[in-house]
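Residue-level structure breakdown
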Amino acid sequence: MAEVAEVAAESGGGGDSGVGACERGVAPIKAQYRTTKERFHEYLDADKQEGACQETPTEGPAEPEAKRIRLEDGQENGKTEVAVESHERQVPKRARGQNKSRPHMKPAHYDKERLCPSLLQESATPCAFGDRCRFLHDVGRYLETKPADLGPHCVLFNTFGRCPYSMTCRFAGAHLGPEGQNLVQEEVVARCAQLPSVRNGLDRALQQQLRKRQVCFERAEQALSHLTQGPMPTIAPESTVATLTPKHSSCHVQLDNVGGDGAGQGSPVPTCGPLTDEDVVRLRPCEKKRLDISGKLYLAPLTTCGNLPFRRICKRFGADVTCGEMAMCTNLLQGQMSEWALLKRHPCEDIFGVQLEGAFPDTMTKCAELLNRTIDVDFVDINVGCPIDLVYKKGGGCALMNRSAKFQQIVRGMNELHGRSREQRYTRLADWPYIEQCAKVASPMPLFGNGDILSFEDANCAMQTGVAGIMVARGALLKPWLFTEIKEQRHWDISSSERLDILRDFTHYGLEHWGSDTQGVERTRRFLLEWLSFLCRYVPVGLLERLPQRINERPPYYLGRDYLETLMASQQAADWIRISEMLLGPVPPGFVFLPKHKANAYK
């Protein structure tokens with residue numbers, strides 16, 4: 001560490017950076033690692049010109065030596081002066097909220113010539129659309145215009161023994177025979193056939209019924225009629241779990257016979273050893289399987305970034321409970337495939353729930369009945385805390401806090417609880433003393449707390465408030481290994497190569513989930529870039545003057561202990577794209593990216 005400090009000091013990362021050690025809202029990085037904005041980007045650009053960024057091994061990457069930038073006062077070339085002058089001319093307007101007008105190209109637009117899916121299904125049935133098909137049927141023409149492969153290994157072929165994307169796969173060279181046939185590893189296919197697959201897909205027949213409004217919601221209609229007549233019935237406090245969270249205040253309502261255990265149907269499952277009541281007594285349809293998640297680490301539902309590949313990463317690092325992204329009830333009831341995709345569950349998610357957003361009891365109740373009949377989940381998380389205008393102006397999210405009558409009809413027995421106001425957003429820390437008061441009032445109902453947890457110390461302080469458990473949201477985006485730190489009660493000084501391996505695993509999971517053709521690769525790249533817009537805020541443990549890093553402390557410009565660590569600290573979208581190209585190959589022509597959340601530094 002002493003040798004690294006000397007290298008960073010020689011590179012101009014000393015006290016001339018102009019960032020005070022105790023500046024409010026700035027991460028306390030050691031002085032020897034600090035630098036100026038101009039020297040930071042000059043360091044990255046210098047290595048880019050040498051092409052070192054492209055020399056990244058695929059397996060077991062070794063830590064590169066920290067590069068030295070010998071820039072002394074008065075020796076800088078004209079680039080620094082030009083950069084400063086350009087920065088003075090461009091005064092960025094402060095931007096907040098979602099970037100709805102950001103430039104964005106759909107992955108389908110990168111495929112000018114798309115092959116007809118009927119040619120990939122390896123069946124004798126011709127295309128049902130015939131001459132009216134808008135896809136290409138000439139395989140030779142497709143192969144002439146298809147971009148070059150992105151790598152020698154196909155994740156789907158290595159994992160499942162067969163790639164369903166055949167010649168359209170961007171790694172097709174790994175599984176195409178000499179005559180263009182799609183190769184199959186029979187042993188791997190047979191082994192994978194015995195493993196559980198991703199669940200909660202939308203059946204085509206059900207989708208058609210939903211679109212034609214032919215689905216009957218008899219139980220929902222009965223429940224709604226009871227809600228509007230007479231006093232509100234009471235429920236046991238233990239059957240509901242309330243969650244105080246800065247972005248998504250939520251309530252977990254257990255569905256009938258959730259988890260796919262088939263309780264109440266068929267004969268009891270034979271067991272070994274002593275018998276329990278559950279072995280001989282079947283649950284009635286009106287009863288619910290009790291879910292105990294007290295003391296467990298809960299990965300919060302995260303819009304855009306909380307996708308299935310990201311949840312797999314968090315499960316690897318110790319997350320106990322996972323939840324899908326926010327899904328709108330109206331879209332689910334209309335059978336929208338993109339909304340149903342948010343409900344998919346990977347086999348590694350042993351305790352899994354879905355988050356529903358809605359503003360009215362009828363749609364929420366019908367959606368709950370629909371999901372209870374069709375998918376496998378352990379709980380439903382009702383969103384009553386989302387602050388974005390799209391949800392708030394329709395009466396959903398945190399707007400339900402002010403609509404107590406509707407809220408009581410949607411979830412009975414829950415009071416107005418929330419650790420941060422909508423106007424406050426994330427500009428201030430969560431009010432944990434208030435959450436502590438709510439936990440006492442809500443007792444014996446279990447209450448989960450969430451807000452500004454980025455270290456095991458933060459988690460310990462949160463548990464001292466009396467909550468039943470904690471939910472991790474933005475902290476998991478900054479460092480998904482946070483769950484390991486909490487469980488092992490330590491700070492993990494993770495290296496840049498280990499972080500790159502995590503990103504590589506994410507891309508592998510993404511290709512499994514979204515596909516290995518051009519659309520799947522670019523969709524994986526898009527979500528990787530969205531995640532990198534959060535990961536760049538993480539400061540390695542070894543660079544901090546004091547531990548832990550606070551979630552509201554943004555890192556100043558600093559030079560890491562190696563080039564890759566410095567590249568990962570960049571807040572420029574162009575540098576995130578460079579990281580994505582290490583894992584997914586070069587971006588398509590005309591590729592542009594701007595993160596969904598606005599920030600002044602992003603370009």
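As annotated in an unreviewed UniProt entry, the protein is tRNA-dihydrouridine(47) synthase [NAD(P)(+)] from Rattus norvegicus. Here is the UniProt Sequence similarities (unreviewed entry) comment for the protein, exactly as written: "Belongs to the dus family. Dus3 subfamily."

1. Looking at the overall build of the protein
What the protein contains, in helices and strands, is 23 helices and 8 strands. Expressed as a percentage of its 603 residues, the buried residues of the protein come to 50%. Nonlocal contacts in the protein, meaning residues at least 24 apart in sequence, comprise 69% of its contacts between residues at least 6 apart. Taken as a whole, the protein presents about 29900 Å² of accessible surface, with 51% of it coming from carbon and sulfur.

2. Overview of the packing of helix 20 (residues 496-514) against helix 23 (residues 573-584)
Interaxial distance between helix 20 and helix 23 falls to 10 Å at its minimum, and their mutual angle equals 65 degrees. Note on packing geometry: the crossing formed by helix 20 with helix 23 is right-handed. Between helix 20, through Leu500, Leu503, Arg504 and Thr507, and helix 23, the contact on the second element is made entirely by Ile579, Met582, Leu583 and Leu584. Taken together, the residues of the contact of helix 20 with helix 23 sort by class into 6 nonpolar, 1 polar and 1 charged.

3. Re helix 17 (residues 456-463)
Three or four residues apart is the spacing at which side chains of an α-helix point the same way, because the helix has 3.6 residues per turn. Within helix 17, burial applies to Phe456, Asp458, Ala459 and Ala462. Across the axial projection of helix 17, the buried residues extend over an arc of 155 degrees, all falling on one side. Residues of helix 17 that are buried in the fold lie against helix 16 (432-442), strand 8 (469-472) and helix 19 (482-488).

4. Describing the pattern of salt bridges
Summed over the entire model, instances satisfying the criterion amount to 21 salt bridges. Close ionic contact of Arg546 with Glu553 constitutes a salt bridge, the shortest N to O distance being 2.4 Å. Through salt bridges with shared partners, a single ionic network connects Arg199, Arg345, Asp376 and Asp378.

5. Focus: the pairing of strand 5 (residues 352-357)
Where burial is concerned, most of strand 5 is hidden: 6 out of the 6 residues are buried. As paired strands, strand 4 (residues 322-328) and strand 5 are joined by 5 bridges and run parallel to one another. Bridging across to strand 5, Thr322 finds its partner in Phe352. Two strands pair when backbone bridges link them, and strand 5 and strand 6 (residues 379-383) are joined in this way by 4 bridges, in the parallel orientation. Note that in strand 6 the partner of Gly353 across the bridge is Phe379. A crossover links strand 5 with its parallel partner strand 6, the connecting element being helix 13 (residues 361-374), and its sense is right-handed.

Definitions and limits used
Residues numbered from 1 in each chain as written. Predicted model: local features only at pLDDT ≥ 70, side-chain atom pairs only at ≥ 80, totals over all residues. Heavy atoms only, no water. UniProt positions renumbered as here; feature names shortened; annotations may be inferred. Helix = DSSP H or I, 4+ residues; strand = E, 2+ residues; numbered from the N terminus. Buried < 20%, exposed > 50% of the residue type's maximum accessible area, 1.4 Å probe, protein only. Contact = heavy atoms within 4.5 Å. Areas by Shrake-Rupley, 256 points an atom, 1.4 Å probe, with all protein chains shown as cover. Axes fitted to C-alpha atoms, helices over the stretch in contact; angles between N-to-C directions. Left-handed = near helix turned anticlockwise from the far one by under 90°. Nonpolar A, V, L, I, M, F, W, Y, C, P; charged D, E, K, R; others polar. Arc of directions from axis to C-beta. Salt bridge = Lys/Arg side-chain N within 4 Å of Asp/Glu carboxyl O. Pairing = 2+ DSSP bridges. Right-handed = clockwise from strand over helix to strand, strands pointing away.

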